[in-house]
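One letter stands for each residue in the lines below.
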Amino acid sequence: MIVKTYGSCIYGINATTITVEVNVDAGINFYLVGLPDSAIKESEQRIDSALKYYGYKIPGKKIIVNMAPADLRKEGSAYDLTIAIGILAASEQIKAPHLEDYIIMGELSLDGNLK
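Residues numbered from 1 in each chain as written. Predicted model: local features only at pLDDT ≥ 70, side-chain atom pairs only at ≥ 80, totals over all residues. Heavy atoms only, no water.

Caption draft 1: Inspection of the sheet that holds strand 1 (residues 2-11) at higher detail. Reading across the sheet, the 4 strands line up as 1-2-4-3 and stay open at both edges, with mixed pairing between neighbours. For this open sheet the edge positions go to strand 1 and strand 3 (29-33), each flanked by a neighbour on one side alone. Each adjacent strand pair in this sheet contributes to an overall mean axis angle of 15°, direction not counted. Pairing between strand 1 and strand 2 (residues 14-25): 10 bridges, direction antiparallel. Within the sheet, the bridge partner assigned to Gly-7 lies in strand 2 and is Ile-18. (Pairing = 2+ DSSP bridges. Helix = DSSP H or I, 4+ residues; strand = E, 2+ residues; numbered from the N terminus. Axes fitted to C-alpha atoms, helices over the stretch in contact; angles between N-to-C directions.)

Caption draft 2: Main features of the environment of Gly-7. Along the polypeptide, Gly-7 turns up in strand 1. Spatially, the C-alpha atoms of Gly-7 and Ala-70 are 14 Å apart, while their sequence positions differ by 63 residues. Apart from the residues within four sequence positions on either side, Gly-7 is in contact with Thr-16, Thr-17, Ile-18, Thr-82, Ile-103, Ile-104 and Met-105. (Contact = heavy atoms within 4.5 Å.)

Caption draft 3: Here's a closer look at the pairing of strand 2. Here strand 1 folds back onto strand 2, and the loop between the two strands holds 2 residues, one of which, Gly-12, carries a positive phi near 70°. Bridge count between strand 2 and strand 4 (residues 62-68): 7 bridges; the pairing is antiparallel. Bridge assignment links Thr-19 to a residue of strand 4, and that residue is Ala-68.

Caption draft 4: Just helix 2 (residues 43-53), in detail. Residues of helix 2 that are buried: Ser-43, Arg-46, Ile-47, Ala-50 and Leu-51. Relative to the axis of helix 2, the buried residues are bounded by an arc of 125° and lie together on one face. Every exposed residue of helix 2 that faces more than 90 degrees away from the buried side is listed here: Lys-52 and Tyr-53. On its buried side, helix 2 packs onto strand 3, helix 1 (38-41) and helix 3 (80-90). Directly after helix 2, the chain includes Gly-55, whose backbone phi takes a positive value near 85°. (Buried < 20%, exposed > 50% of the residue type's maximum accessible area, 1.4 Å probe, protein only. Arc of directions from axis to C-beta.)

Caption draft 5: Main features of unusual backbone geometry. Of note, the bond from Ala-68 into Pro-69 is cis; its omega dihedral lies within 30 degrees of zero at 5°. Within the element layout of this structure, Pro-69 appears in the loop between strand 4 and helix 3. Of note, Leu-35 is a non-glycine position whose phi angle comes to about 65°, a positive value. Along the chain, Leu-35 falls in the loop between strand 3 and helix 1. Residue Glu-92 is not a glycine yet carries a positive backbone phi of 60°. With respect to the secondary-structure elements, Glu-92 resides in the segment after helix 3. Residue class for Glu-92 comes out exposed when judged on its relative accessible area of 61%.

Functional significance is not addressed by these values, which are geometric in nature.
Right, here's the structure in full:
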């Protein structure tokens, strides 16, 4: 199932909406594409720990996270919550019918708190 969540980044002096597409499918692996920096690439470990703390999990399936537009560099850990909500919705662990109405940003600590 493919789910879209939305975040934002600063490009010059403008804020740009970032579309985070999450696809959970058959297979095993975690792919993060769309020009993420190393802090975003490390988000899998923070998200996994935070979700487990609240009784959720990263499914043992193939997860592809695409951050668009792909030509803009995404930086920082503020996309943790955006990706986590996308994973939960795409794996049908939560029902979130109106995700397109919100920009979701936040860094997750290992115990699931927002920073």
